[in-house]
Amino acid sequence: MSVDISAVAQQFTEYYYNVFDSNRAQLNSLYREQSMLTFETIQLQGTANIVEKLQSLPFQKVQHRVTTLDAQPASPNGDILVLITGDLLVDEEQNPQRFSQAFHLIPDNGSYYVLNDIFRLNYSI
């Protein structure tokens, strides 16, 4: 049975940002001890360190608006690379910030976990 990579990427992205926007602590199930997050210039490894960083971000309300989503197979083992761009609204801010985020998803017992997560704000020059 072949996997519809685009559908998996879409479902993962919707789930990830819904959870991130409502309760970041619940993202722990998506990471493992070998998972790595690069958030701007900071690199963290391990579930606890990643979730602690995400929970410590200095905003209360957040809303991700995805504008592009691309996915590719990443290995013969079923890994998936996902690249997302979009807008980020935080707290009461009216002007969104542009962001990019890449995920390397690894198959795990009928689901996926995040091995690599790279997040960047995209600033205008």
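This structure is a prediction, so every number in the text was calculated from the model and none was measured. (Residues numbered from 1 in each chain as written. Predicted model: local features only at pLDDT ≥ 70, side-chain atom pairs only at ≥ 80, totals over all residues. Heavy atoms only, no water.)

Considering helix α2 (residues 47-55)
Next, step 1: The complete set of buried residues in α2 reads Thr47, Ile50, Val51, Lys53 and Leu54. With its buried residues spanning 160 degrees around the axis, α2 presents them on a single face. Along α2, exposed side chains directed more than 90 degrees from the buried face belong to Ala48 and Glu52.
Next, step 2: Elements in contact with the buried residues of α2: α1 (5-22), β1 (31-39) and β2 (42-45). (Buried < 20%, exposed > 50% of the residue type's maximum accessible area, 1.4 Å probe, protein only. Helix = DSSP H or I, 4+ residues; strand = E, 2+ residues; numbered from the N terminus. Arc of directions from axis to C-beta. Contact = heavy atoms within 4.5 Å.)

Side note on the packing of aromatic side chains
Next, step 1: Within the structure shown, the criterion is met by eight aromatic pairs.
Next, step 2: Ring geometry for Phe39 against Phe119: centres 4.8 Å apart, planes inclined by 5 degrees, an arrangement best described as stacked. A residue pair is termed long-range when its members are at least 10 positions apart, and Phe39 in strand β1 and Phe119 in strand β6 (residues 111-122) qualify at 80 residues.
Next, step 3: Pairwise contacts between aromatic rings join Phe12, Tyr16, Tyr17, Phe20, Phe39, Phe99, Phe103 and Phe119 into one cluster. (Phe/Tyr/Trp six-rings, centres within 6.5 Å; stacked < 30°, edge-to-face > 60°.)

So, to be careful, I would describe these as geometric facts and stop short of saying anything about function.
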